[in-house]
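Next come the chains, spelled out residue by residue.
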Amino acid sequence: MDEKISPEAKEVADLELDAVIGFNGHVPNGLKCHPDQEHLIYPLGCTILIQAINTQEQNFLHGHSNNVSCLTISKNGDYIASGQVTFMGFKADIILWDYKERELIARLSLHKGKIEALAFSPNDLYLVSLGGPDDGSVVVWSIAKRDAICGSPAAGLNVGNATTVVFSRCRDETFVTAGNGTIRVWELDLPNRKIWPTECQTGQMKRIVMSIAMADDDSFFYLGTTTGDILKMNPRTKLLADTGPAKDKYSLMYSILSSSSSSRNRTYAQSFPKCVRKIQLQGGITSITLQGEGHQFFVGTEESHIYRISFTEFKETLIATCHFEAVQDIVFPFGTAELFATCAKKDIRVWHTMSNRELLRITVPNMTCHAIDFMRDGKSIISAWNDGKIRAFTPETGRLMYVINSAHRIGVTAIATTSDCKRVISGGGEGEVRVWQIGCKTQKLEEALKEHRSSVSCIRVKKNNEECVTASTDGTCIIWDLVRLKRNQMILANTLFQCVCYHPEEFQIITSGADRKIAYWEVFDGSVIRELEGALSGSVNGMDITQEGAHFVTGGNDHLVKVWDYNEGEVTHVGMGHSGNITRVRISPGNKYIISVSADGAILRWKYPYAS
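Conventions adopted
Residues numbered from 1 in each chain as written. Predicted model: local features only at pLDDT ≥ 70, side-chain atom pairs only at ≥ 80, totals over all residues. Heavy atoms only, no water. Helix = DSSP H or I, 4+ residues; strand = E, 2+ residues; numbered from the N terminus. Domains from an automatic or database assignment. Buried area = accessible area lost by both parts, 1.4 Å probe. Salt bridge = Lys/Arg side-chain N within 4 Å of Asp/Glu carboxyl O. Nonpolar A, V, L, I, M, F, W, Y, C, P; charged D, E, K, R; others polar. UniProt positions renumbered as here; feature names shortened; annotations may be inferred. Phe/Tyr/Trp six-rings, centres within 6.5 Å; stacked < 30°, edge-to-face > 60°. Buried < 20%, exposed > 50% of the residue type's maximum accessible area, 1.4 Å probe, protein only. Lys NZ or Arg CZ within 6 Å of the ring centre and 35° of its normal.

**Digging into the environment of Ala-215**
Phase 1: Note on placement: Ala-215 falls in the loop between strand 20 (209-214) and strand 21 (221-225).
Phase 2: As for Ala-215 and Phe-175, which are separated by 40 residues in sequence, their C-alpha atoms are 13 Å apart.

Written out as structure tokens, the structure is:
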């Protein structure tokens, strides 16, 4: 019997988002400290996070249809403006947000493809926006009317694109744009609705500008370049005043400048500043933002670290971290929801659930971790790597306990452990399922089960350890007898299976994958019981079921987390918050939370909607 049930059949409630672990460190100047000095604002995918500095409180601004590419805050802190990328030829939105109400005020659409940079005028009268390489225009918007005043091509014909913009600190009618071989000072002529550019002269010097900072009294502005030097320009004469440093230029690019308090800037006027102190941080620096007058400041890096640095001691404190690559797997230790582990690219991280803090990081350079599992006794984390090795680490210290070399030919793609802690079952890229006997000092191959023709994507073990099910991208799920080490049953479907779960009573399994169907199967004879439409678009990649079996959750390429009623086969709750494809989803032991992870490096914690 084949039932077809649409997921939109009944009224669906919203899943409550508790917390987000994530920060996109690749957005230039993406990390901002709000003028109230109590909140950090930063992008993650198509969401903007408002994070309280001293508490765990988070607010989310949802409205963009694609990844946020730039972000700015008005001088008095009333407004936030953010721009996004979109597909070529389509209009990219700028969204104006009300900070106090945490809501969308206006959607400004003129630029195509991408918004490169945004800046508010000093008295919040205007917003200036810079289009990306396919657009190439600069537009001035009226904040009061929520409408464009005028626009112009941002750079001349024989130079590159303008990539960054800054407003004067004193005048609402003056701003500066810069980029590849172009530095322009613009004047707004409001009665005629025009903007007039003046090209700045740098003589023989040709530079690609990455960032601009304006002195508080508008006496000079400073430009950070890819060659690692800083240009000092006079906005009145439009001439180059100074360059530096003469020695020890910054490597790769001087990406950000943030000027603080005019007394410091006045000392710059006499001579170029010397480097006084230096600290080394992890990952290229993409954001520097001052808190208040700059007694301390925050730094964001490409590796998604956020540091707090006090100006007097010049010591860094790591205040937030997250994955900066696609998260491949998430797993809870047996019986506790206090901790969970995730893996992405070269590292495995253990997190404290309530505080979102990273407790441990295990790194294997230049490798990719595909899957992880905790041993039932909690004494080891077993991990599957693309170099064909299975590595086991201690969860407290991250010490390497043992390595199983050459476990699989084309990398280890899935892993599971038995509840007696004596066996590990692994799946490989070539389709083999291998059963390993884990002793105190030895790890022995018990059997290699060669049935799958393509990579194994998911393994689940029955409670009594006598049976397991493996899902593969060759369109088969196989139920194995772990006593005889033979195949019990095979399930065939025209799909790439991505996930599989045993119902807690273990007479049925549910599967899903690239065909977006959620299928219930009989374990005994492998026959299909029912099929549901799991998503309207994209593959379903992650699935987990509660300990009672009344509900299960799914997540996939439609970026939605869905809670399903197992018996009714209907969606009861939907969670919107991810910006990337969801790769895995788990319900915590005790049914308190749902944790979902995605390809943009984000980890989202949702409140489980039913009382356990």
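**Considerations on the domain arrangement of the protein**
Phase 1: Splitting the protein by domain gives domain 1 (27-255) and domain 2 (493-611).
Phase 2: Taking only C-alpha atoms, the centre of domain 1 and the centre of domain 2 are 42 Å apart.
Phase 3: Its largest share of buried area at the contact with domain 2, domain 1 owes to Leu-44, Cys-46 and His-62, together 69% of the area lost on that side.
Phase 4: Here domain 1 is connected to domain 2 by 0 salt bridges.
Phase 5: The residue inventory of the side of domain 1 that touches domain 2, partitioned by class, reads 2 nonpolar, 4 polar and no charged.

**Points about the UniProt feature "repeat: WD" (unreviewed entry) in the protein**
Phase 1: If you check UniProt for "repeat: WD" (unreviewed entry), the listed places come out as residues 108-143, 405-438, 449-482, 533-574 and 575-612 in our numbering.
Phase 2: Each end of residues 449-482 is marked by a C-alpha atom, and these two atoms are 10 Å apart; helix forms 0% of the span and strand 59%.

**A few points about the packing of aromatic side chains**
Phase 1: Going through the model one piece at a time under the given rule, you end up with 12 aromatic pairs.
Phase 2: Geometrically, the ring pair formed by Phe-552 and Trp-564 is stacked, given 5.8 Å between the ring centres and 0° between the ring planes. With Phe-552 in strand 49 (residues 551-556) and Trp-564 in strand 50 (residues 560-565), the pair connects residues that are 12 residues apart, well separated along the chain.
Phase 3: Residue classification places Phe-552 among the buried residues on the basis of a relative accessible area of 0%.
Phase 4: Looking at Trp-564, the relative accessible area reads 0%, which means it is buried.
Phase 5: Members of the aromatic cluster, joined through ring pairs, are Tyr-520, Phe-552, Trp-564 and Tyr-566.
Phase 6: We note Arg-102 situated over the ring of Tyr-99; from NZ or CZ to the ring centre the distance is 4.5 Å.
Phase 7: Lying across the ring of Phe-334, Arg-376 places its NZ or CZ 3.7 Å from the centre.

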